[in-house]
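Inside the fold
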Amino acid sequence: MTRENDQVAFWRGEFGDDYADRNDASADALASRTAMWRRMLDPLVEPPRSILEVGANIGLNMRALAAITRADLHAVEPGAKAREILSSCGALPAEHVVDGTAAALPFDDASIDMVFTSGVLIHIAPDDLLPACREMHRVSGRYIACAEYFNPVPVEIEYRGHTGFLWKRDFGGFWMDNFPDLELVDYGFFWKRATGLDDLTWWLFRKAGTDSDA
Ligand SMILES: C[S@@+](CC[C@H](N)C(=O)[O-])C[C@H]1O[C@@H](n2cnc3c(N)ncnc32)[C@H](O)[C@@H]1O
C-alpha cells in the first residue's frame, strides 16, 4: 500500500506551511548551505550547467547554488507557501519553480545535468522511494546528488510527534544498488556541530559514460 498521498498531503497542508514559515534563511544558514555546496561540487572540474532540486522548500540550496554557480536552476516543491517564498527569493526565475512531487517530474529524459534532494528522500515512504528515485534518474543527464539522514539499515523515526513521515537509511547504497549505471564521485558527512547543517550524509553520483568534466 502506498503512503505517498498521505505523505504529500502532509507537506501540502498546515505542517508544510508551518515548516516554510519557520525555515531559516538567515545569513548564517545560507553560509552553511554555500559551504555545503562548495564541498559537494568540489570534485567536479565544471559545475553542472543545469540543476533541479526536488523538494526545495524556501530554496536555501537554490540560493546557495545561485551564489556559487551559473547553473540554470529549477525547483519542484509541493508546498504552496514554500513555493511562494521560493518564487520571489531571486535565486531562480519564478517560472522555474513548479508544483510537483518526486514521483512525477515535469521534465524530459536526461534534460537536467544534476538532479538532487536534500532532506527529502527521508520523507518519502519506503514503498514509494524506488519510483521516486527512478523518476529523478530519468530526468538526470549526468549527476545525481543527495544529502539525507543516514542509518545502516532502514528505520522509521518519529518526526515532530508524527509517525509515518520520516525514515533514515543508507540512501547512497539505495541509489547504487538500484541504478547500476551510477558511479560514485564522492561522499561525506556534514557534522552539525561543525557545519550548522543537520548531521547530513551526502553522495554525488555520475551516470556512467558521462565523465568528461572538461
Ligand atoms: C525537510 S524539507 C527540505 C527542504 C530543502 N530541500 C532543504 O534542504 O532545505 C522537505 C521538503 O520536501 C518536500 N517534499 C515532501 N515530500 C515530497 C515529495 N514526495 N516530492 C517532492 N518534495 C517533497 C516538502 O514539501 C519540503 O519542502
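Above: the structure in question.
This report concerns the structure included in the present document. As the structure is a prediction and not an experimental result, all values here were calculated from the model. (Residues numbered from 1 in each chain as written. Predicted model: local features only at pLDDT ≥ 70, side-chain atom pairs only at ≥ 80, totals over all residues.)

1. Here's the deal with the overall build of the protein
- A count of helices and strands for the protein gives eight helices and nine strands.
- For 214 residues, the compact-globule estimate of 2.2 N^0.38 gives 17 Å, and the protein sits close to it at 16 Å.
- Dimensions of the protein, computed from C-alpha atoms along their principal axes, come out at roughly 45 × 40 × 35 Å.
- Counting all 214 residues of the protein, 37% fall into the buried class.
- Here the contacts in the protein between residues at least 6 apart in sequence split such that 67% fall between residues at least 24 apart. (Helix = DSSP H or I, 4+ residues; strand = E, 2+ residues; numbered from the N terminus. Rg over C-alpha atoms; globule rule 2.2 N^0.38 Å. Buried ≥ 20, exposed ≤ 12 C-beta atoms within 10 Å, placed from the backbone. Contact = placed C-beta atoms within 7 Å.)

2. Description of the site of the ligand
- The environment of the ligand is made up of 22 residues, and the closest members are Trp-11, Gly-55, Asn-57, Thr-101 and Ser-118.
- Elements represented by at least two residues in the shell around the ligand include exactly α1 (4–12) and α4 (60–68).
- Considering every element that reaches the shell around the ligand, the biggest residue donor is α1, with three residues.
- A class-by-class count of the residues in the shell around the ligand yields 11 nonpolar, 10 polar and one charged. (Near = placed C-beta within 6 Å. Nonpolar A, V, L, I, M, F, W, Y, C, P; charged D, E, K, R; others polar.)

3. Quick word on the environment of Ile-122
- Among the structural elements, Ile-122 can be located in the loop between β4 (112–118) and α6 (126–139).
- For the pair Ile-122 and Phe-150, spaced 28 residues apart in the sequence, the C-alpha separation amounts to 9.0 Å.

4. As for the environment of Asp-72
- Structurally, Asp-72 is set in strand β2 (residues 72–76).
- By the C-beta count within 10 Å, which is 15 here, Asp-72 ends up partly exposed.
- Excluding its chain neighbours within four sequence positions, the residues that come into contact with Asp-72 are Arg-49 and Ser-50.

5. Considering the packing of helix α3 (residues 27–41) against α4
- Running from amino to carboxyl end, α3 crosses α4 at an angle of 65°, the nearest separation of the two axes being 8 Å. For the crossing formed where α3 meets α4, the hand is right-handed. When α3 is examined against α4, the residues Ala-29, Leu-30, Arg-33, Thr-34, Met-36, Trp-37 and Arg-38 are found in contact with a partner set consisting of Leu-60, Asn-61, Arg-63, Ala-64, Leu-65, Ala-67 and Ile-68.
- In terms of residue class, the contact of α3 with α4 is built from nine nonpolar, two polar and three charged. (Axes fitted to C-alpha atoms, helices over the stretch in contact; angles between N-to-C directions. Left-handed = near helix turned anticlockwise from the far one by under 90°.)

6. Focus on α4
- The complete set of buried residues in α4 reads Leu-60, Asn-61, Met-62, Arg-63, Ala-64 and Leu-65.
- Its buried side turned inward, α4 meets α3, β1 (50–54), β2, α5 (80–87) and β4.

7. Details of the nonpolar core
- Grouped together as the largest cluster of nonpolar side chains are 53 residues, with contacts concentrated most on Val-115, Met-136, Ile-144 and Ala-145.
- Sequence-distant contacts of Ile-144, that is, excluding residues within four places in its chain, are made with Val-115, Phe-116, Met-136, His-137, Trp-175, Leu-182 and Phe-205. (Core = buried A, V, L, I, M, F, W, Y, C linked by C-beta atoms within 7 Å.)

8. Remarks on the packing of helix α2 (residues 14–22) against α5
- Running from N to C, α2 and α5 cross one another at 30°; their axes reach a closest spacing of 7 Å. It follows that α2 is roughly parallel to α5 by the angle criterion. Residues Gly-16, Asp-17 and Ala-20 of α2 pack against Lys-81, Ala-82 and Ile-85 of α5.
- Class assignment of the residues belonging to the contact of α2 with α5 gives a composition of three nonpolar, one polar and two charged. (Parallel < 35°, antiparallel > 145°, perpendicular 65-115°, else oblique.)

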